[in-house]
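Next come the chains, spelled out residue by residue.
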Amino acid sequence: MTNRHERRKAATTSRKKLAQLNTATLDQHFDDRLHRVRTEFERTGGIDPEFECVTDGESFQVPAYWPDRGAKAQVCAALRDSFRRRKVNRYVFASEAWVGKTPGLLPSDDPDRTERVQVIAVERNGPRRYAFAEITRNGGTAILGQWEVTGDIPPGWLFELLEEGHSDRAPKEESPPVPRLSARDVQTLMYEDPAQGTEFRESFEICDQLGDLLADQIQDADSDALSKFMALESILRSTVRDMGSPKGIGAFARFLRDHPDIFPMFATVRESVPSIERVRHWKAKLQRFICEKRELGHPPSAMFGAFMNLYLCVGSRAVGAVDLADRIENWDPEHQAKLRQVGLRSSFELDDEEGHVFIALSAGYYPNGVMGRRNAVGDLFISRFGALSYGDFATAVDNIKQSGIELIVGSEAKELLCKMEQVKGVAPRPDKIQEIWEVENWGDDEWIEQTRAEVVFAKAMNIRYEPDRRNLKGVVAGYRVRRAPNGLVLLPSDSDEDVFVAVSVEKTKRWACVLGWLRASEGKLPQFYQKNCWIVPPEALHDIEELPGKERLQVMPPNQEPDLDDLPNDGD
């Protein structure tokens, strides 16, 4: 019987093959991947989803697992940024997928769904390739059908990861990715700077000993991953304080985000709630370890390097590299300094078990919220700022109250949220209303696309709609329809309660597609923020079949075809 170990063995052979593909063309790489995918499937009965990426100087593989729909949006944003900074020229992606057969149902909910293997190849500023093969299951046997290679490329974010951004604007300047330190780099460093080279060697040795310590006396290492991670984080932050809060901690967060081939983006161990006793147990072992190393004369910087390396490895398994990068930025001394500039303090200044948890919410900022701890004298300390998973503000309030966690609302919560948006670089919501056409500087072409988007949505919903030049906000049957050539753009002045529908229009191909919908409050998240607006990728939108209030459209007059060809064109 085949298992994941056999698949990983096959993946090792795949990596060796990947190193030979730097000089291959897209078609050669694509054809080779089709062959290797079939070989792996026939040998193991399945394939692991994975990107093969090629740059001018390297090739690397990224395992592609996402636990839910929300994580899929994080994957898109993370890979797009990583591929841009690492200058990926080509990627070939292979995975198994479900295909829905019942209109209105997601494939995961469709009992009549089918299975297939898909392979996607994308060249920067070049061609794209797509192939799929149906999977037939007979008991414990899985059979892969013949490849169907089609020039009809389906719309989707998996084809768009080499685009420079979701907006029409030029990408912002940013620093290059943090490089990996190779064995040759270490040897060169030891030759050029023996003192620093010795410190690096000590740090590596201490890291190995730490790994042995944390693995000791545990039969199932994964069962205690979160406890070990929390203990590591606590000791590491103490080490940073003892060193005088060194600069550059945030670079480790960038390193996590830029190297999804090294660190898993999402947790690889089962979810669990660690006990305080287990965290204390591991903290005590780590503190004794530190005392022993200090008595041997190891410098704090070597200790920091050792703990940080293990923290990245354990943390990416326990919580995933995406969340771990956010955590690092939250306890980074530079971030704490930014908090103090706006009159806030970080909860990482508190002892691990000091204070009780609070969540601050304001309807105008939902789904964003602030989590932190209140100490014994009533002072607030901030832990993190981000989106809550509850569907709306009222539901979030009810659930938090029932949980027993302190809930802060009203003016105090609004002030906290406003200050956190400043810290995160999200502009405060302006008093002056600025419209989408002003921000994007729409001309005739953009207004034509916007009109077409409104008509396309009306046809999709089968409701009557007459384009009106006075309808500047794109309102159709109460929904805010907006052209979305590279993602749905939301502005600070857009009402958080409005439902926006994103429509992509390809004017030259006479093609259009309703991408999905969301409430503005759901899209105004820090990860989508780009210079005074939010740009939401298509995969973060809800399926149009789930559009709220859709049933009321059935009583409206039915659509009366204006075709896309009947609408104005350039020069009309």
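Residues numbered from 1 in each chain as written. Predicted model: local features only at pLDDT ≥ 70, side-chain atom pairs only at ≥ 80, totals over all residues. Heavy atoms only, no water.

A.B. asks: Can you walk me through the overall build of the protein in this structure?
C.D. replies: Assigned secondary structure in the protein consists of 16 helices and 17 strands. In the protein, buried positions account for 45% of the 572 residues. Considering only contacts in the protein between residues 6 or more positions apart, those separated by 24 or more positions represent 68%. Working note: accessible area of the protein is about 29100 Å², and carbon and sulfur atoms make up 49% of it. (Helix = DSSP H or I, 4+ residues; strand = E, 2+ residues; numbered from the N terminus. Buried < 20%, exposed > 50% of the residue type's maximum accessible area, 1.4 Å probe, protein only. Contact = heavy atoms within 4.5 Å. Areas by Shrake-Rupley, 256 points an atom, 1.4 Å probe, with all protein chains shown as cover.)

A.B. asks: I keep staring at the sheet that holds strand 12 (residues 475–476) and nothing clicks. Help me out?
C.D. replies: For sheets, the rule is that strands pair by backbone hydrogen bonds, running either parallel or antiparallel. The mixed open sheet is built from four strands, whose spatial order is 12-13-15-16. The open sheet has two free edges, formed respectively by strand 12 and strand 16 (511–519), since each of these has just one partner strand. Its contacts with the sheet place helix 15 (residues 444–461) against strand 12, strand 13 (479–483), strand 15 (499–506) and strand 16, and it is angled at close to 130° to strand 13. (Pairing = 2+ DSSP bridges. Axes fitted to C-alpha atoms, helices over the stretch in contact; angles between N-to-C directions.)

A.B. asks: What is the right way to look at helix 15 in this model?
C.D. replies: Along an α-helix, a turn takes 3.6 residues, which lines up residues three or four apart on a common side. With 18 residues, helix 15 extends 26 Å between its outermost C-alpha atoms, agreeing within 8% with the 26 Å of an ideal straight helix rising 1.5 Å per residue. All of the buried residues in helix 15 are Ile448, Glu449, Gln450, Arg452, Ala453, Glu454, Val455, Val456, Phe457, Ala458 and Met461. Those residues of helix 15 that are buried lie in contact with strand 12, strand 13, strand 15 and strand 16. (Expected span 1.5 Å × (residues − 1).)

A.B. asks: Would you explain the sheet that holds strand 8 (residues 356–360) in this entry?
C.D. replies: Spatial strand order, 10-9-8-11: four strands in an open sheet with mixed pairing. Bordering the open sheet on either side are strand 10 (380–387) and strand 11 (406–408), each of which pairs with just one other strand. Put simply, the sheet's adjacent strands are angled 25° from each other on average, direction ignored. One ladder, built from five bridges, connects strand 8 with strand 9 (residues 368–374); its direction is antiparallel. Within strand 9, the position partnered with Ile359 by the bridge is Met371.

A.B. asks: Sorry, what's going on with unusual backbone geometry here?
C.D. replies: It is generally the case that most residues other than glycine have a negative phi and that most peptide bonds are trans. Its identity as a non-glycine residue notwithstanding, Lys87 has a phi of 55°, on the positive side. With phi around 55°, Asn462 is a residue other than glycine that occupies positive phi space. Checked against the element boundaries, Asn462 lands in the loop between helix 15 and strand 12. Residue classification places Asn462 among the partly exposed positions, given a relative accessible area of 45%.

A.B. asks: Got a minute to help me understand the pattern of salt bridges in this structure?
C.D. replies: Side-chain pairs of opposite charge can arise whenever the charged atoms involved come near each other. For the structure shown, the criterion picks out 31 salt bridges. Here Arg340 makes a salt bridge to Glu349, at a shortest N to O gap of 3.7 Å. Its relative accessible area of 31% is what places Glu349 among the partly exposed residues. Across the salt bridge formed by Asp494 and Arg480, the nearest N and O atoms sit 3.7 Å from each other. Taken together, the residues Asp494 in the loop between strand 14 (488–490) and strand 15 and Arg480 in strand 13 connect sequence positions 14 residues apart. Like Arg480, Asp494 is buried. What you see here is one network of salt bridges that share partners, running through Asp32, Arg33, Arg36 and Glu52. (Salt bridge = Lys/Arg side-chain N within 4 Å of Asp/Glu carboxyl O.)

A.B. asks: Even after reading the chapter, I still don't get a nonpolar patch on the surface, so can you show me in this structure?
C.D. replies: On the surface, Val357, Met371 and Ile405 cluster together into a nonpolar patch covering about 200 Å² of accessible area. With respect to the helices and strands, Ile405 occurs in the loop between helix 12 (393–403) and strand 11. (Patch = residues over 30% accessible without salt bridge, like charges linked within 9 Å, V, L, I, M, F, W, Y side chains within 5 Å.)

A.B. asks: What am I meant to see in the pairing of strand 15 here?
C.D. replies: Strand residues, when the strand is regular, have side chains that alternate between the two faces of the sheet. The buried fraction of strand 15 amounts to seven of the eight residues, a majority that puts the element mostly inside the structure. Both strand 13 and strand 15 contribute to a ladder of four bridges, which runs parallel. Across the sheet, the residue bridging to Arg480 is Phe500, located in strand 15. Two strands pair when backbone bridges link them, and strand 15 and strand 16 are joined in this way by eight bridges, in the antiparallel orientation. Paired with Val503 across the strands is Val514, a residue of strand 16.

A.B. asks: Before we go on, may I ask you to explain the pairing of strand 8 in this structure?
C.D. replies: The pairing of strand 8 with strand 11 spans three bridges and is classified as parallel. Within strand 11, the residue paired with Ile359 across the bridge is Leu407.

A.B. asks: Just checking my understanding: could you explain the packing of helix 6 (residues 225–242) against helix 10 (residues 321–331) for this structure?
C.D. replies: Helix-helix packing: each pair is described by the crossing angle between the helix axes and the interaxial distance. One way to put it is that helix 6 packs onto helix 10 with a least axis distance of 12 Å and a crossing angle of 30°. Between helix 6 and helix 10, the angle falls in the class roughly parallel. Crossing handedness for the pair helix 6 and helix 10: right-handed. Contacts between helix 6 and helix 10 pair Phe229, Glu233, Leu236, Arg237 and Val240 from the former with Leu324, Arg327 and Trp331 from the latter. Among the residues forming the contact of helix 6 with helix 10, the class breakdown is five nonpolar, no polar and three charged. (Parallel < 35°, antiparallel > 145°, perpendicular 65-115°, else oblique. Left-handed = near helix turned anticlockwise from the far one by under 90°. Nonpolar A, V, L, I, M, F, W, Y, C, P; charged D, E, K, R; others polar.)

A.B. asks: Would you mind going over the environment of Gly487 with me for this structure?
C.D. replies: Structurally, Gly487 is set in the loop between strand 13 and strand 14. We classify Gly487 as buried; its relative accessible area is 5%. For the pair Gly487 and Ser504, spaced 17 residues apart in the sequence, the C-alpha separation amounts to 8.4 Å.

A.B. asks: How do you make sense of the environment of Lys550 when you look at a structure like this?
C.D. replies: On the secondary structure map, Lys550 appears in the segment after strand 17 (534–536). For the pair formed by Lys550 and Met461, sequence separation is 89 residues and the distance between their alpha carbons is 8.2 Å. Setting aside chain neighbours within four positions, we find Lys550 in contact with Met461, Tyr479, Ile544 and Glu545.

A.B. asks: Is there a simple way to explain helix 12 in this structure?
C.D. replies: Of the residues making up helix 12, those classed as buried are Ala396, Val397 and Ile400. Seen along its axis, helix 12 keeps its buried residues to an arc of 100°; they face one direction. Once helix 12 ends, the next one or two residues include Gly404, with phi positive near 90°. (Arc of directions from axis to C-beta.)

A.B. asks: Would you mind going over the nonpolar core with me for this structure?
C.D. replies: Most often, soluble globular proteins keep nonpolar side chains buried together rather than apart. Membership of the largest hydrophobic core comes to 41 residues, with the highest contact counts inside it found for Leu286, Phe307, Tyr311, Ile328 and Trp331. The set of elements that each furnish at least two residues to this core consists of helix 5 (194–215), helix 6, helix 7 (250–258), helix 8 (276–295), helix 9 (300–318) and helix 10. Counting residues per element, this core draws most heavily on helix 9, which supplies 11 residues. Residues within four places of Trp331 in sequence aside, it is in contact with Glu233, Leu236, Arg237, Val240, Ile249, Met308, Tyr311, Gln336 and Phe348. Grouped together as the second largest cluster of nonpolar side chains are 25 residues, Val75, Ile120, Val122 and Leu161 included. (Core = buried A, V, L, I, M, F, W, Y, C linked by side-chain atoms within 4.5 Å.)

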